[in-house]
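An overview of the molecular structure
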Amino acid sequence: MSSPMDYRPPQSTLSLRAILDFPRRLCNPPTPTTTKIRSCAVTPVFDVTLDDVLNRKHLPPLGLKDFEEWLLFVDRTPQNLYFVLWLKEYTVRYEQWMRDSRRMSRHRVGGFSFQSELRPVSQSLAMFCTRAKKTFFSPDSPYHLHVPAEHLNAILSPPPDAAADSPHPDPAVFAEINADVRTLMKASLSRFVSAAFENVSTFRGVCGVIGGCAMFLIAGCLPLILSILGVHSRWARLCSIPGLWFGLTIIVASLHGLCFMVYVFGDYRQLRSFELTRPAISGPAPVALSPVLPPAYFSRSSREQYEDSFVSTNASQPSLASHSSDSVGEGIFVSGAYPPDEMEEVDPDVIVDDPPIPRETAGFIHHYEGQMIVRNSLDVETVAGTQRLDHFDFDALPTPPKCLLFDRPEKPKLQPLEIPNPPSNPQAAPISQPIKIDEKREVDASHAPPPAYHYPNVPPFGPLTPVLSPVVSRAQWELLMRSTVVAFFLTCGIIAGGLAVPEVVRL
């Protein structure tokens, strides 16, 4: 199962009519769905818990898909989220297996019934656990967890007769690893929520700071200086308060990621850099007349894997939904921890030097599928229903060559091996050592990771998308109000200093 194509979020166009609604938005801020934590910082702090995000209780840009994209493209730790989702489903499967095994192990002899302690091993559950160990605990996997080694060794190399020494151990065995992973995810969630409160990128924030400085100097400082140097009353210097106050408000808000010019038009945010690399949402593509692709379309290895999986799937019995690869038995094809690369037709005349742009995310975590509806009237069930979450599927994880997980080191350049002149006696200088070095270098170069892809910077006037989360809308409103309060105290200090300057007396 390959993950679906990711598209850009719906873009919005700004209208001048939205400016007329700005006073109403200032006087009627949205009600947040979470509690607010008292803080003296300019950026407000809301109690957005990890369980609420995992249970899809928040709308974009605080949804589960948004959190996955943040971990995948910004924080570079998506394996933490995937492990928690896997363990959640593994627990459900294990409990279901325990209930079924208890029901099947009950025996009745005469008028007495007894419970057998021998339970059959579930092959599908064992394979589900084995693939998790290969994906999250193997040091060679791109999705390996960064947890203490002693916790991993307790799972990979358990002592005999231990709880972990089972094809599918009790989920309590992973309690320590789960606690470590959730601690890391809470730190990532805090950074994710703070970044979600910003409505513009860094370049647009710099433009806001420049505009605020221009307003501060032209509409604030210039009238204050002219009133001091000119023959005017001392109280005429108060006319510079609006310019100073407004300019400082824009500066403080822009330094914290809130562009006032975007906020005036509504609750919008700029698209992220990884969202700009995706194609825009288009209409449905026409269905081809012949769904069967010619054999030349596939590469030889991909075609053999496709045919083997197709034949073996037809010979097997259907398993649980979206988990056909988890069953083990005769005639059932079990794929690896990651699916093969997408089978694409390659033009031999075209040479591609750059790595592919990573656009793929987990296929079982869906994007927001709701409409532009009133945020305050949403309940938890409605919010979760607009963000579907399918069963965990290892084949739907992003393929490592097409996602940017970690900062890969550059491929080392191989130095040419200097071969000395052959001696007169060939047996005096064996050639085993140079050959061993070449083979070692060739192996290291063949296993070098692909080059990392660097996302383009977001332009200052990039496209905008609506903000649906009432928590983010309320946070942006409070950020603007707190910036106004900070700017007010700064303005009072500047005006107090201006009023302290004596009037110029001219003879």
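Keep in mind that this is a model prediction, so the values were computed, not measured.

Some words on the overall build of the protein
- Scanning the protein for helices and strands turns up 15 helices and six strands.
- Taken over 507 residues, the protein has a buried fraction of 40%.
- Put simply, of all contacts in the protein between residues at least 6 apart along the chain, 83% involve residues at least 24 apart.
- For the protein, the exposed surface amounts to about 29,600 Å²; the carbon and sulfur share of it is 61%.

Section: the nonpolar core
- F83, W86, F136 and F392 are the most contacted members of the largest nonpolar core, which has 56 residues in total.
- Where this core is concerned, the elements lending two or more residues are α2 (50-54), α3 (64-73), α4 (78-104), α5 (123-137), α6 (149-156), α7 (175-196) and α15 (470-500).
- With 11 residues, the top contributor of residues to this core is α4.
- Mapping this core onto the domain boundaries places at least three of its residues in each of domain 1 (17-47 + 198-279 + 454-506) and domain 2 (48-107 + 121-197).
- If near-sequence neighbours (up to four positions away) are discounted, F136 is found in contact with Q79, Y82, F83, W86, Y143, H144, L145, F392 and F394.
- Residues F22, I250, A253 and L258 belong to the second largest nonpolar core, which totals 12 residues.

Examining the side chain of H151
- Mapped onto the secondary structure, H151 falls in helix α6.
- Residue classification places H151 among the buried positions, given a relative accessible area of 17%.
- Looking at H151, its side chain comes within polar contact range of the side chain of E176, at 3.4 Å.
- Apart from residues no more than four positions distant in its own chain, H151 is found in contact with E176, I177 and D180.

Things to note about a nonpolar patch on the surface
- There is a patch of nonpolar side chains on the surface, built from L217, I218, L222 and L226 and spanning about 400 Å² of accessible area.
- By relative accessible area, I218 is classed as exposed at 59%.

Description of α6
- Regarding α6, the residues found buried are H151, L152 and I155. Burial along α6 is one-sided: seen end-on, the buried residues are contained in an arc of 95°.
- Next to the buried residues of α6 lie α5 and α7.

Some words on the packing of aromatic side chains
- Within this structure, the stated rule accounts for 27 aromatic pairs.
- When the ring of W86 is compared with that of F174, the centres are 5.4 Å apart and the planes differ by 90°; the resulting orientation is edge-to-face. Here the residue W86 occupies a position in helix α4, and F174 occupies one in the loop between α6 and α7, the gap between them amounting to 88 residues. Residue W86 shares its accessibility class with F174, and that shared class is buried.
- Here the aromatic rings of Y90 and Y94 are separated by 6.2 Å at their centres, their planes lie at 35°, and the arrangement is tilted. Pair noted here: Y90 and Y94 are both in helix α4, with a separation of four residues, about one helical turn.
- Among the residues examined, Y90 registers a relative accessible area of 0% and is labelled buried.
- Y94 gets classed as buried once you look at its relative accessible area, which sits at 12%.
- Against the face of Y263 rests R25, its NZ or CZ located 4.5 Å from the ring centre.

Observations regarding the UniProt feature "transmembrane region" (unreviewed entry) in the protein
- The UniProt entry lists residues 206-231, 243-265 and 479-501 under the feature "transmembrane region" (unreviewed entry), expressed in the numbering used here.
- Within residues 243-265, the helical portion is 83% and the strand portion 0%, while the C-alpha atoms at the span's ends are 21 Å from each other.

Things to note about the pattern of salt bridges
- Summed over all chains, the structure comprises 14 salt bridges.
- A salt bridge links K65 to E68, with the shortest nitrogen-to-oxygen separation between them at 3.1 Å. Residue K65 and its partner E68 are both found in helix α3; the two are separated by three residues, about one turn of the helix. E68 shares its class with K65; the two are buried.
- For R388, the salt bridge identified is with D390, shortest N-O distance 3.7 Å.
- The partly exposed category is assigned to D390, whose relative accessible area is 29%.

A short note on the side chain of R25
- With respect to the element layout, R25 can be found in helix α1 (residues 22-27).
- The exposure class assigned to R25 is buried, which follows from its relative accessible area of 10%.
- Polar side-chain contacts of R25 include one of 3.1 Å to the side chain of D267.
- For R25, the residues in contact, after removing those within four places along its chain, are Y263, V264, F265, G266, D267 and W477.

Here we look at unusual backbone geometry
- The step from P60 to P61 runs through a cis peptide bond, and the omega angle for that step is 10°.
- Within the secondary structure layout, P61 lies in the loop between α2 and α3.
- Not every positive phi belongs to a glycine, and R56 is a case in point at roughly 60°.
- Summarising the element assignment, R56 is placed in the loop between α2 and α3.
- Of note in this structure, R76 is not a glycine but carries a positive phi near 60°.
- Looking at the secondary structure, you find R76 in the loop between α3 and α4.

Structural notes on the packing of helix α8 (residues 202-229) against helix α9 (residues 241-255)
- Their axes nearest at 7 Å, the elements α8 and α9 cross at an angle of 165°. Taken together, α8 and α9 sit at an angle that is classed as roughly antiparallel. With respect to the hand of their crossing, α8 and α9 are arranged in left-handed fashion. When α8 is examined against α9, the residues G205, G208, V209, G212, C213, M215, F216, A219, G220 and C221 are found in contact with a partner set consisting of G243, L244, F246, G247, L248, I250, I251, S254 and L255.
- Of the residues that constitute the contact of α8 with α9, the class distribution is 12 nonpolar, seven polar and no charged.

Conventions used here
- Residues numbered from 1 in each chain as written.
- Predicted model: local features only at pLDDT ≥ 70, side-chain atom pairs only at ≥ 80, totals over all residues.
- Heavy atoms only, no water.
- Helix = DSSP H or I, 4+ residues; strand = E, 2+ residues; numbered from the N terminus.
- Buried < 20%, exposed > 50% of the residue type's maximum accessible area, 1.4 Å probe, protein only.
- Contact = heavy atoms within 4.5 Å.
- Areas by Shrake-Rupley, 256 points an atom, 1.4 Å probe, with all protein chains shown as cover.
- Core = buried A, V, L, I, M, F, W, Y, C linked by side-chain atoms within 4.5 Å.
- Domains from an automatic or database assignment.
- Polar contact = N/O pair within 3.5 Å; in protein donor to acceptor, adjacent residues only side chain to side chain.
- Patch = residues over 30% accessible without salt bridge, like charges linked within 9 Å, V, L, I, M, F, W, Y side chains within 5 Å.
- Salt bridge = Lys/Arg side-chain N within 4 Å of Asp/Glu carboxyl O.
- Arc of directions from axis to C-beta.
- Phe/Tyr/Trp six-rings, centres within 6.5 Å; stacked < 30°, edge-to-face > 60°.
- Lys NZ or Arg CZ within 6 Å of the ring centre and 35° of its normal.
- UniProt positions renumbered as here; feature names shortened; annotations may be inferred.
- Axes fitted to C-alpha atoms, helices over the stretch in contact; angles between N-to-C directions.
- Parallel < 35°, antiparallel > 145°, perpendicular 65-115°, else oblique.
- Left-handed = near helix turned anticlockwise from the far one by under 90°.
- Nonpolar A, V, L, I, M, F, W, Y, C, P; charged D, E, K, R; others polar.

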